[in-house]
Amino acid sequence: MPSPRRLIAGLATATVLALALAGCSANASTPGSGSSSETGKPVTGGSLVYLEHQAITGLYPPGAGFYPNGGIVNNIADRLVYQDPKTLEFEPWIATKWESNADATEYTFTIRDGVTFSDGTPLDAAVVAKNFDLYGLGDAARGLTVSEAINNYQSSEVVDKNTVKFHFSAPSPGFLQATSTINSGLLSSKTLDLPFEKFGPGNAANIIGSGPFTVDNEKIGTGLDLVARKDYKWAPKSWSNQGRPYLDKIQITVTPEASVRVGALLSGQAGLIRDVEAQDEKQVTDAGFQVYAAQTNGVNNGLSLRFRNEKLSDIRVRQALIAGIDREELVKTIYTKNYPLATSVLSKTALGYVDTKDAFAYDPKKAATLLDEAGWKLGSNGIREKDGQPLTLVVNEAAPQPRSFDALTLVSQQLKKIGVDLQILKADAGTYAKAIQDANQVQIYHSMVGRADLDVIKSQFYSKNRNTLLNRDNADQSIGDPKLEELLQAVASTADPKARIEASQTVQKYLADQAYVIPFFEEPQVFATANFVHGFSSESVGRPSFDAVWVDKQ
Amino acid sequence: MKYVLGRLGQAAAVLLAAFTVAFVLLQAMPGDALMIKFENPELGLSPDQIAALRVAYGADTPLPIQYVHSLLGFLGGDFGYSIQSGTPVKQLLAEVVPGTLLLASLGFVAAVLLAVGITILANLPGLRRIADVFRALPSLFVAVPVFWLGIVLIQVFSFQLRLIPVVNPGPVEGLILPVLTLAVPISAPLAQILIRSVDDVLGYPFVAVVRARGAGPWWILSKNVARNAVLPAFTMAGVLFGELIGGAVVTETVFGRAGVGRLTEQAVSQQDTPILLAVVLLSATVFVVINLVVDLLYPVLDPRLGARKRGIARISRERKVVAV
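Here's a quick rundown of the structure. The residue count restarts for each chain, going from 1 along the sequence in the order it is written. Just so you know, chain letters begin at A and ligand numbers begin at 1, following the order they were written in. Only residues with pLDDT of at least 70 get local features here, since the model is predicted, and only at 80 or more are side-chain atom pairs given and counted; chain-wide, interface and lining totals rely on the full set of residues. The side-chain numbers reported here are obtained from all heavy atoms of the structure, hydrogens and water having been left aside.

**Focus on the overall build of chain B**
Okay, step 1: Elements are defined by DSSP. Helices are runs of H or I of four residues or more, strands are runs of E of two residues or more, and each kind is numbered from the N terminus. When its secondary structure is counted, chain B shows 15 helices and zero strands.
Okay, step 2: Across its three principal directions, the C-alpha atoms of chain B cover 85 × 60 × 30 Å.
Okay, step 3: Only protein chains enter the accessibility calculation, which uses a 1.4 Å probe; a residue whose area is less than 20% of its type maximum is buried, one above 50% is exposed, and one in between is partly exposed. Within chain B, the fraction of its 324 residues that count as buried is 46%.
Okay, step 4: Contact definition: two residues touch when any of their heavy atoms are within 4.5 Å. Intrachain contacts of chain B at a sequence separation of at least 6 include 72% that bridge at least 24 residues.
Okay, step 5: The accessible surface values rely on the Shrake-Rupley method and a 1.4 Å probe; as for residues, cover is taken only from the protein chains in view. When the accessible surface of chain B is totalled, it reaches about 15900 Å², and 70% of it is carbon and sulfur.
Okay, step 6: Separation between the mean location of the 24 positive side-chain charges and that of the 18 negative ones in chain B comes to 20 Å. When charges are tallied, Lys and Arg are placed among the positive residues and Asp and Glu among the negative ones, while His and the ends of the chain are skipped. Each charge is placed at NZ for Lys, CZ for Arg, CG for Asp and CD for Glu.

This is the structure we're talking about:
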């Protein structure tokens, strides 16, 4: 007999192993800007080995937020306008000029002459219109989603070969910045006709943009090469390199294990690595290598307190949680100086930032008093109780975020001192996806989002975007705090730039006053380079730009 | 011949069962791949948009129809598409199966060599004094985490001694460390069983007879004991396949190799059902084949088993006692 027991045991082993691994993988997110110092005269030619943490999952720009995807799109697709990663100002790229009407419901772009996609087709107004019709409206039939960055999109209008106009159903002041993000990477007409499947791994070489690089030699799950376009000559004015990319080739190799990435860099097997973990930074700098922490200019890494949950509905409990967490100790213990302590829900380098750090001060005594007042009395086991119910809260482990589990473990220890039992949710993807949408299961949500526009705050908290506070209850679609909704709407739809900044600041203050959030730190995207690599920089949320990179070692 | 046909029929039944169980289990798990993909807050999609996408993906199709559809697809060699990335599962597997197959078979061969080596060293007459060291090796090997071993090997051979690069290694260079990493934990149970059965066989009366007729220890070990001691280890080899897959997951991740293990790990984390179904079926197939081969080879190793072809059922029952 074939001994079915063995077969079943084997199957079970395989399945259990597979399931046990569920928690091991991390997904992407977003990141700031950094650039390496320039020394000597750039050399043209040569190649660079870049070790990535994860493999690409798809290059459809609106869905390319996952970091490895965005890193490719940023180098193969140009944008209408360029956002300077330091000043966050806009400058011409594929569009030579642009204008919008007073209420930001109509945008007109003039398209540069002579730009071609890497398949030789011209980049003109018609194809730009086709790009935004897809990104602004999506195509559910093909599984292609709407870009989160584009709000209120209605239609496009090709005025002439070089002029395209976009119409919006309501003011869309964030649209200009949206056109500069990787989610609006311009692709050739043929590429835009592809179904979702064809944007996936295995077909990366057929994603055609007009950027300085093209994809070649893709090996699913292992990596791909970015090959220079020798005829590239439409870089934004502020780029140090106005011609073809200096490097001939960048070999992107997926190396999931952090210590192997660092070791490979230090032993000269790689020139650039991404995702240097906080605890490894010292090893890299001590060996004389460069660490670049690119800031992500958006909503800080931190906690959203889901105030619609019964336990957190009392503002005093939320305030007690804030006062009970020593954020300084957290940043000092778990992270490095590249992770600056947050002083608002937004990063200091984000547009519209306003300092609200006083709302997040550490004061365990005050925390205890607040909880007493709210009726949560210390139980015999050191955990507070009310009506026989323990003050147990659940926070999700944010796997894509750096050292999330370590940070939350420390927070949990800190909160224990004021009698709060904080549990960390670590689960398989399906359970996790369900749990984080339910405030009865996950009362505190750990996350961040990077985007260098005022809209970013709306992306994070608005009921129909990320909805991290679960202000919109998924069970009955009701809204808990209509005022917050209104304030967030104002950020995304106020046409006047000054008034829009004020709108964002109002939200930041409101979130702090209501004790809805506990920001931890301004999240960077950390790279390290060998000393023979020069000119490395990143776009406004920390995705690498390879156009100006050169190496002085053959 | 009839026996072989019967075994093939059983194999088909096992595969169908594996497919069905996997399908049901994956459906029973909370959430699904579409939810993980599109309800990820990072995409920032509104509930209406998500609902439209679910309809477009046919998530509202009744489960029995989905089952029949997938089963027919599998029978026709169409494994569907990855939900997460959209890439055809067939293409994903085609990229990774050869690499994993090579890694697993080399790892297995190395494990067998290692196990035999340890067994010989533990029984060599000249090394009696330190035999206990070799006897302790399997326990040590089985306790070494694959993950840790891989990293240590890379640190020493690639980063310190700089003998073998981990980035852009040659086809042979790239296999040395992963094969070693995989072989060590697999060799441990094999060596344990080999050592024990050698001990057992050495205690049999016939050994005393051979010894009495003047055979040296080496002669006894290689000519008389080896053949008798190998059978239990051989049974174990079939079972170890499961561990080989588990080891490959970790090894492939540490060494950044594309492979079935890594594909599975990613698919699990995204609950990517079509990939998982294909992987389960693939594993089941390999498992069935290996067991078939092991069973068919028994009579070759032990003529007593071959002589009683009609008593197959009884033999298997006997063997199971050894295997368990």
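**Regarding the nonpolar core**
Okay, step 1: In this text, buried Ala, Val, Leu, Ile, Met, Phe, Trp, Tyr and Cys residues form a nonpolar core when linked through side-chain atoms within 4.5 Å. In this structure, A:Leu80, A:Phe109, A:Phe166, A:Leu226 and A:Leu511 are the most contacted members of the largest nonpolar core, which totals 185 residues.
Okay, step 2: Ranked by the residues each element gives to this core, the list is headed by helix H8 (residues 173-202) of chain B, at twelve residues.
Okay, step 3: With near-sequence residues (within four places) excluded, A:Leu511 lies in contact with A:Val345, A:Ile457, A:Phe461, A:Leu469, A:Leu484, A:Tyr516 and A:Val517.

**Some points on the packing of aromatic side chains**
Okay, step 1: Paired rings are identified among Phe, Tyr and Trp, the last through its six-membered ring, by centres lying within 6.5 Å, and are further divided according to the angle between planes into stacked (under 30 degrees), edge-to-face (over 60) and tilted (the rest). This model, assessed by the stated rule, comprises 32 aromatic pairs over all chains.
Okay, step 2: The interplanar angle of 45 degrees and the centroid separation of 5.8 Å between the aromatic rings of B:Phe19 and B:Tyr67 together place this pair among those described as tilted. On the criterion of sequence distance, the pair formed by B:Phe19 in helix H1 (residues 2-28) and B:Tyr67 in helix H4 (residues 63-75) is long-range, its members being 48 residues apart.
Okay, step 3: Each member of the aromatic cluster is reached from another via a ring pair, and the members are A:Tyr60, A:Tyr107, A:Phe109, A:Phe132, A:Tyr135, A:Tyr153, A:Phe166, A:Phe168, A:Phe175 and A:Phe199.
Okay, step 4: Comment: the charge-over-ring label is applied if NZ (Lys) or CZ (Arg) is within 6 Å of the ring centre and within 35 degrees of the ring normal. The side chain of A:Lys426 reaches across the aromatic face of A:Phe405, ending 4.1 Å from its centre.

**Section: the pattern of salt bridges**
Residues and elements named next belong to chain A.
Okay, step 1: Salt bridges are counted wherever a side-chain nitrogen of Lys or Arg sits within 4 Å of a carboxyl oxygen of Asp or Glu. Overall, the coordinates contain 24 salt bridges over all chains when judged by the stated rule.
Okay, step 2: Asp355 is the partner of Lys357 in a salt bridge, and the nearest nitrogen-oxygen pair spans 3.3 Å.
Okay, step 3: We classify Lys357 as partly exposed; its relative accessible area is 42%.
Okay, step 4: According to the relative accessible area criterion, Asp355 is partly exposed, its value standing at 39%.
Okay, step 5: Arg451 is the partner of Asp455 in a salt bridge, and the nearest nitrogen-oxygen pair spans 4.0 Å. Across this residue pair, the class does not change: Asp455 and Arg451 are buried.
Okay, step 6: Taken together, the salt bridges that share partners define one network made up of Arg451, Asp453, Asp455 and Arg500.

**Quick notes on the sheet that holds strand E5 (residues 106-111) of chain A**
Residues and elements named next belong to chain A.
Okay, step 1: Reading across the sheet, the four strands line up as E4-E5-E7-E6 and stay open at both edges, with antiparallel pairing between neighbours. Pairing within the sheet leaves two strands with one partner each, and these edge strands are strand E4 (95-100) and strand E6 (153-160). Strand-to-strand, the axes of this sheet are offset by a mean angle of 20 degrees, without reference to chain direction.
Okay, step 2: Two elements, E4 and E5, share five bridges in a ladder whose sense is antiparallel. When the bridges of E5 are listed, Ser100 appears paired with Tyr107.
Okay, step 3: Orientation is described by axes fitted as lines to C-alpha atoms, over the contacting stretch for helices, and by angles from 0 to 180 degrees between their N-to-C directions. The sheet strands contacting helix H3 (residues 125-137) are E5, E6 and strand E7 (163-168), and the helix crosses E6 at an angle near 180 degrees. At least two bridges found by DSSP between two strands is the condition for calling them paired.

**Digging into a nonpolar patch on the surface**
All names here are of chain B.
Okay, step 1: The patches reported here contain residues having more than 30% relative accessible area and no salt bridge. Joining distances are 9 Å for like charges and 5 Å for nonpolar side chains (Val, Leu, Ile, Met, Phe, Trp, Tyr). A cluster of nonpolar residues, Val112, Val116, Ile120 and Trp218, forms a patch on the protein surface that exposes about 310 Å² of accessible area.
Okay, step 2: Sorting elements by how many residues they give to the nonpolar patch places helix H5 (residues 89-123) first, with three residues.
Okay, step 3: Its location among the elements puts Val116 in helix H5.
Okay, step 4: According to the relative accessible area criterion, Val116 is partly exposed, its value standing at 36%.

**Considering the interface of chain B and chain A**
Okay, step 1: Taken together, the 69 residues of chain B in the interface contact 63 residues of chain A.
Okay, step 2: Put simply, buried area is the surface a 1.4 Å probe can reach on two separate parts but cannot reach once they are joined, added for both. Summed over both partners, the interface of chain B with chain A buries about 5700 Å², with 63% contributed by carbon and sulfur atoms.
Okay, step 3: When the area that chain B buries against chain A is broken down by residue, the three leading residues are B:Pro41, B:Glu42 and B:Val167, summing to 11%.
Okay, step 4: At the junction of chain B with chain A, the criterion picks out zero salt bridges.
Okay, step 5: A 3.5 Å cut-off defines polar contacts: any pair of N or O atoms within that distance qualifies, except that in protein one atom must be a possible hydrogen donor and the other a possible acceptor, and neighbouring residues in sequence count only when both atoms are side-chain atoms. Connecting chain B to chain A are eight residue pairs in polar contact (both at pLDDT 80 or more).
Okay, step 6: For this classification, Asp, Glu, Lys and Arg are treated as charged, while Ala, Val, Leu, Ile, Met, Phe, Trp, Tyr, Cys and Pro are nonpolar and the rest, including Gly, are polar. Per-class residue counts for the side of chain B that touches chain A are 34 nonpolar, 24 polar and eleven charged.

**Focus: the pairing of strand E21 (residues 524-529) of chain A**
Residues and elements named next belong to chain A.
Okay, step 1: Where burial is concerned, most of E21 is hidden: six out of the six residues are buried.
Okay, step 2: Pairing between strand E12 (residues 290-295) and E21: six bridges, direction antiparallel. Its bridge partner lying in E21, Gln295 is registered against Pro524.

**Concerning the packing of helix H10 (residues 217-239) of chain B against helix H11 (residues 241-255) of chain B**
Residues and elements named next belong to chain B.
Okay, step 1: Contact pair H10 / H11: the axes reach a minimum separation of 4 Å and the direction vectors enclose 45 degrees. For the element pair H10 / H11, the angle class is oblique. Residue-level contacts link Ala237, Gly238 and Val239 of H10 to Phe241, Gly242 and Glu243 of H11. Each angle is binned into one of four classes, with values under 35 degrees roughly parallel, values over 145 roughly antiparallel, values of 65 to 115 roughly perpendicular, and all other values oblique.

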